[in-house]
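Now for the letters of each chain:
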Amino acid sequence: MINTLAYGLTIGGILYIISVGLSLTFGTMRIVNFAHALIYTVGAYALIAALPFLGGYFVPATVLAVLAAVPLSYVIERYIIRRLYGASIDYAIIATYAVLLIGVDITKWIWGATPIPLSDPVNQYLNIFGVSLPVYRLIIIALSLLVFLALEIFLRRTMVGKIVVAGLEDREAVSSLGINVEKYFCLIFVIGSCLAAFGGVLYSPITTVHPYMGFQVLLLSFAVVLVGGLGSMRGTFISAFVLGMVMAVTGRFWGPAAETMVFVVMAVVLIIKPIDV
Amino acid sequence: MLLSVGKLNVFYGSAQVVSDVSLEVDQGEMIFLVGRNGAGKTTLLKTISGFLPSGSGKILFDGADINGKPSNELALMGMRYVFQDKRVFTQLTVRENIHLAAYPFKQKASEAEEKVVGIYPEIVRFMDKKAGGLSGGQRQLLLLGRALIGNPQLLLIDEPTEGLAAGIIDQVFRVLKMMKGQLAMLIVEQNLAVVSQLADRVYIMQEGQIPRELVSQADIQDQEQLEKYL
């Protein structure tokens, strides 16, 4: 049971880190951004590319991989997403899905389609109540809590954060105060994308890295965002861990149903509390 | 002339909502825009303040052509729009709402707070409460105070007394009266008592056009006459 709990919290932590950026962009820009999954994939591949140059050191390679998301996400926001503000949600889906497909093909062209395994960078175990747990997974859980706290402080205590919180609620009203909302949305998009890349990096040693890994996580991330509430940071946090636990517990009893159960929960939440996109 | 709108046309898709509208607002004037629901008043205000694109026509503010400029740039130029539906940032405290308005103008937070307290002293009791907990009237007064931060030259105010209780309308009326003469205002208003007591001039809006302008105080204070346009 402790193993299931730890697995659920690990998945929840990673889902939170990936989904929170999606929630921010969905909440502020009302853009369904499928390209988020590409950034997640690029994060994992950038880690693989950086590791040999950094003597196999995971932490500096992680920093480089996350930074690789900055120019890529800026270009996506500036030249694709920004043109979609206020347009029908269908256009955003089509355009960002196209970016995802093109990106996946480029990834295949550079690194090939063969899955690349990565070893546990910590490779140590902690004994809790007689159960041996990988320290790496506990670090992921701690990092997700750290990301949550950092975002809370950023959004509640800094002026930029307050602009974002206000923008999540009413973009026009922020603009009426003389604030260039698009500039801050771009910043939020880049921060959210860096977190997606960070999620890709963290998940790489648990799974294998392959060009289609983003597709797997994309729908799960949308489920997290929808269950947590569009643009709700705390909701996304709770939702990620609840759905992570749902996956872990379901998987323990019936493996093939683990992901399906996430969407059952999502459907129930949407029936009880429909959203207005 | 501070604001000059000439032959402005606005469309929603193929439907024309504003047709050949011209109006002017001079420094310190309080001008009202009166008309039935759906006459195009809010669309006109939102187009002037950069929230909606115009089909054609001229909008000059302080001598500069501002047609097509985004709302945030116009706010920095000194034109501020106060929305119809009392849109405060409910997740932020009242103080944070005020500080946010001061931020683009690099105005000191304390000075910005003083500005709002100046027109609505009772707000000091709610400074650290979430703005979402304010009543409609309190929100409206906060919005009016917030719009004054950064010393704008022109306020465009959309239905400031709509949906408010009589006592609160009096308060909003007092604030508008206090602001009168200090800066120019173009106000959409259905409350004719407010219009007749405060207006320097009134534009009547009907089906996207301005067929009449009331200039004399005798016409403006004739509420029965005004009612025909609502």
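Note that the structure is a prediction, hence the values are computed from the model and not measured.

Scoring rules and cut-offs
- Residues numbered from 1 in each chain as written.
- Chains lettered and ligands numbered in written order.
- Predicted model: local features only at pLDDT ≥ 70, side-chain atom pairs only at ≥ 80, totals over all residues.
- Heavy atoms only, no water.
- Helix = DSSP H or I, 4+ residues; strand = E, 2+ residues; numbered from the N terminus.
- Expected span 1.5 Å × (residues − 1).
- Buried < 20%, exposed > 50% of the residue type's maximum accessible area, 1.4 Å probe, protein only.
- Contact = heavy atoms within 4.5 Å.
- Phe/Tyr/Trp six-rings, centres within 6.5 Å; stacked < 30°, edge-to-face > 60°.
- Buried area = accessible area lost by both parts, 1.4 Å probe.
- Salt bridge = Lys/Arg side-chain N within 4 Å of Asp/Glu carboxyl O.
- Pairing = 2+ DSSP bridges.
- Axes fitted to C-alpha atoms, helices over the stretch in contact; angles between N-to-C directions.
- Patch = residues over 30% accessible without salt bridge, like charges linked within 9 Å, V, L, I, M, F, W, Y side chains within 5 Å.
- Areas by Shrake-Rupley, 256 points an atom, 1.4 Å probe, with all protein chains shown as cover.
- Parallel < 35°, antiparallel > 145°, perpendicular 65-115°, else oblique.
- Left-handed = near helix turned anticlockwise from the far one by under 90°.
- Nonpolar A, V, L, I, M, F, W, Y, C, P; charged D, E, K, R; others polar.

Visitor: Would you take a moment to explain helix α6 (residues 166–179) of chain B for this structure?
Guide: Quick reminder: α-helices carry 3.6 residues per turn. Residues three or four places apart thus point the same way. Residue and element names in this part refer to chain B. Helix length check: α6, at 14 residues, gives a terminal C-alpha distance of 20 Å against a target of 20 Å (1.5 Å per residue), a fit within 8%. Looking only at α6, the buried set comprises I169, Q171, V172, F173, V175, L176 and M179. The inward-facing, buried residues of α6 abut β3 (30–35), α4 (109–119), α5 (136–147), β7 (154–158), β8 (184–188) and α7 (192–198). Directly beyond the C-terminal end of α6, a positive phi value near 90° is found at G181.

Visitor: What exactly am I supposed to notice about the environment of B:D170 here?
Guide: All names here are of chain B. Turning to its location among the elements, D170 is positioned in helix α6. The exposure class assigned to D170 is partly exposed, which follows from its relative accessible area of 46%. In this structure the C-alpha to C-alpha distance between D170 and V215, which are 45 residues apart in sequence, comes to 25 Å.

Visitor: Can you help me understand the packing of aromatic side chains in this one?
Guide: Working definition: an aromatic ring pair is given by the centre-to-centre distance plus the angle between the planes. Residue and element names in this part refer to chain A. Following the criterion strictly, the structure yields 14 aromatic pairs over all chains and no others. Judged by centre distance (6.3 Å) and plane angle (85°), the ring pair of Y97 and F215 falls under edge-to-face. Taken together, the residues Y97 in helix α4 (residues 89–111) and F215 in helix α9 (residues 213–228) connect sequence positions 118 residues apart. The exposure class of Y97 is partly exposed, given its relative accessible area of 32%. A relative accessible area of 23% places F215 in the partly exposed class.

Visitor: What exactly am I supposed to notice about the interface of chain A and chain B here?
Guide: Interfaces are frequently sized by the accessible area removed from exposure as the parts join. If you look at the interface, chain A gives 18 residues, while chain B gives 23 residues. Taken together, both faces of the contact between chain A and chain B bury some 1800 Å²; the carbon and sulfur share is 61%. Sorting the residues of chain A by area buried against chain B places A:E169, A:E172 and A:L177 first, and these three jointly supply 32% of that buried surface. Connecting chain A to chain B are four salt bridges. Mapped onto the side of chain A that touches chain B, the elements with two or more residues apiece are α6 (159–169) and α7 (171–175) of chain A.

Visitor: In this structure, what is going on with the sheet that holds β3(B)? I would like to understand it.
Guide: Whether parallel or antiparallel, the strands of a sheet pair through hydrogen bonds between backbone atoms. All names here are of chain B. Overall, mixed pairing links the six strands, which are arranged β6-β7-β8-β3-β9-β10 in an open sheet. Where the open sheet ends on each side, the last strands, each with one partner, are β6 (79–82) and β10 (209–214). If you compare each strand with its neighbour and ignore which way they point, the axes differ by 20° on average. Sheet analysis places β3 next to strand β9 (residues 201–206), joined by five bridges and oriented parallel.

Visitor: Would you mind going over unusual backbone geometry with me for this structure?
Guide: Only a minority of non-glycine residues have a phi that is not negative, and only a minority of peptide bonds are not trans. Phi at A:F129 is positive, roughly 45°, even though this residue is not glycine. Along the chain, A:F129 turns up in the loop between β2 (125–128) and β3 (131–134). When its relative accessible area of 76% is taken as the criterion, A:F129 is described as exposed. For B:K7, which is not glycine, the phi torsion reads 45° and is therefore positive. Here B:K7 lies in strand β1 (residues 3–12). The class for B:K7 is exposed, based on a relative accessible area of 55%.

Visitor: Help me out: how do you make sense of a nonpolar patch on the surface in this one?
Guide: Residue and element names in this part refer to chain A. On the surface, I102, I106, W109, I110 and W111 cluster together into a nonpolar patch covering about 580 Å² of accessible area. By the element assignment, W109 lies in helix α4. On the accessibility criterion, W109 (72% relative accessible area) is exposed.

Visitor: I'm lost on the packing of helix α10 (residues 233–253) of chain A against helix α11 (residues 258–272) of chain A in this one. Help?
Guide: Each pair of packed helices can be summarised by the angle the axes make with each other and by the distance between the axes. Residue and element names in this part refer to chain A. Where α10 contacts α11, the axes come no closer than 8 Å and their chain directions differ by 135°. Compared by their axis directions, α10 and α11 come out oblique. As α10 runs across α11, the sense of the crossing is right-handed. Facing L243, V246, M247, T250 and G251 of α10, the residues of α11 in contact are A258, E259, M261, V262 and V265. Of the residues that constitute the contact of α10 with α11, the class distribution is seven nonpolar, two polar and one charged.

Visitor: I'm lost on the environment of B:L156 in this one. Help?
Guide: Residues and elements named next belong to chain B. For L156, the position within the fold is in strand β7. Considered as a pair, L156 and I210 are 54 residues apart in the sequence and their alpha carbons are 17 Å apart. Excluding anything up to four places from it in sequence, L156 contacts L45, I48, S49, M79, R80, Y81, V82 and L186.

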